[in-house]
Amino acid sequence: MDYKNVLFEVKENVAVLTINRPKVLNALNPETLGEIEDVIDRIYKENLARVLVITGAGDKAFVAGADISEFPKMNSLQARLFAKKGQDIFFKIENLPIPTIACVNGYALGGGCELAMSCDFIYASEKARFGQPEINLGIIPGFGGTQRLARLVGRAKAKELCMRGEQISAQEAKELGLVAKVFKPEELMDKTMEVAKALANKAAVALRAIKEVINRGVEVDLVTGCALEVEAFATSFASEDAKEGATAFLEKRKPNFKGSFTS
Ligand code: COA
């Protein structure tokens, strides 16, 4: 299927979704959000890939936020629907049963920062800039920013970032725990793909379990979280890849994981 605002390809089990509106720094309008949703639905329903990388076209921006040119024509009810739509799509990304990496090549502001935070982790270029600048437009983040940022960097820092609306560098974002690794701009995509391909060759049931247990576990008390871990441990133990992992270790060879979701 052809898209107007995104590029999508799958190579060696790694899907790359590129937000492709470089003239407006890859700003998210409703049509772009719809195309992102379509890609995510296809990856999920058609089992298209074992890892997803999300990035932005051009060398200036990952995504510079929701498309502000849409705002003047929106009333409060439409704004509610727009925020809900964005949140639903970002939940779909967060809940994909495969690892997702945000490859942040430039500005990740507003909806861009929120999109990156809905991925499992963020790799950033030294030139990347992060922020929730909505306050400067007289509004607040609407695609989960207040919530995911607070969970990732803590309440006080999240409040400071959302209240001041200032941008921070990739290095500052790394120090806060928002970004996992920072790379030279020219190395970012290659390094990200290296990790993505390595993840695509790991045990898929175990990867899915790690993701689910951490995502759900941080929202509940420790005892409940550990109970979730026990269940997920048992599920991963019953997978084909778990048998292969232990056998390969005992036979002193590299495991050949199939990545099947059956257990
Ligand atoms: N929505 C719509 N258009 C956007 C946009 C957005 N979120 N972010 C950038 N653009 C457009 C600009 O309007 C400009 O279009 P033009 O060439 O037709 O004038 C183009 O992208 C380039 O942006 P520009 O502002 O000229 O680049 P810059 O290098 O001077 O500044 C930013 C870059 C990211 C600092 C600046 O574009 C910006 O502040 N963007 C808005 C960020 C924001 O508030 N996001 C949250 C929205 S809720």
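This text follows the structure it describes.
Residues numbered from 1 in each chain as written. Predicted model: local features only at pLDDT ≥ 70, side-chain atom pairs only at ≥ 80, totals over all residues. Heavy atoms only, no water.

S.K.: Sorry, what's going on with the packing of aromatic side chains here?
M.R.: In this description, an aromatic ring pair is defined by two values, namely the gap between the centres and the angle between the planes. Within this structure, the stated rule accounts for 5 aromatic pairs. Ring centres 5.2 Å apart and planes at 50° place the aromatic pair phenylalanine 121 and tyrosine 123 in the tilted group. Taken together, the ring pairs connect Phe82, Phe90 and Phe143 into an aromatic cluster. Its end group placed over the ring of phenylalanine 91, arginine 148 keeps NZ or CZ at 5.0 Å from the ring centre. (Phe/Tyr/Trp six-rings, centres within 6.5 Å; stacked < 30°, edge-to-face > 60°. Lys NZ or Arg CZ within 6 Å of the ring centre and 35° of its normal.)

S.K.: Just checking my understanding: could you explain the layout of surface pockets for this structure?
M.R.: Its boundaries defined by the atoms lining it, the largest pocket holds a volume of some 980 Å³. Among the elements of the structure, helix H2 (76–95), helix H3 (111–117), strand E7 (121–125), helix H4 (145–153) and helix H8 (204–217) are those that each provide at least two residues to the lining of the largest pocket. Considering each element in turn, the lining of the largest pocket owes the most residues, 8 residues, to H8. Considering only residue class, the lining of the largest pocket consists of 20 nonpolar, 7 polar and 9 charged. Looking at which domains feed residues into the lining of the largest pocket, each of domain 1 (6–200) and domain 2 (204–250) supplies at least three. Quantified by volume, the second largest pocket comes out at close to 540 Å³. The wall of the second largest pocket is formed by 26 residues, among which Phe71, Glu134, Ile139, Ile140 and Gly142 lie closest to the centre. Those elements giving two or more residues to the lining of the second largest pocket turn out to be H2, H3 and H4. Among the elements that make up the lining of the second largest pocket, the one with the highest residue count is H2 (4 residues). Residue classes in the lining of the second largest pocket are distributed as 14 nonpolar, 10 polar and 2 charged. (1 Å grid on protein atoms, 1.4 Å probe; cavity = no way out; pocket = protein on both sides within 12 Å on 5 of 7 lines; lining within 4 Å. Points joined across faces, edges and corners; volume = space filled by probe spheres on them. Helix = DSSP H or I, 4+ residues; strand = E, 2+ residues; numbered from the N terminus. Nonpolar A, V, L, I, M, F, W, Y, C, P; charged D, E, K, R; others polar. Domains from an automatic or database assignment.)

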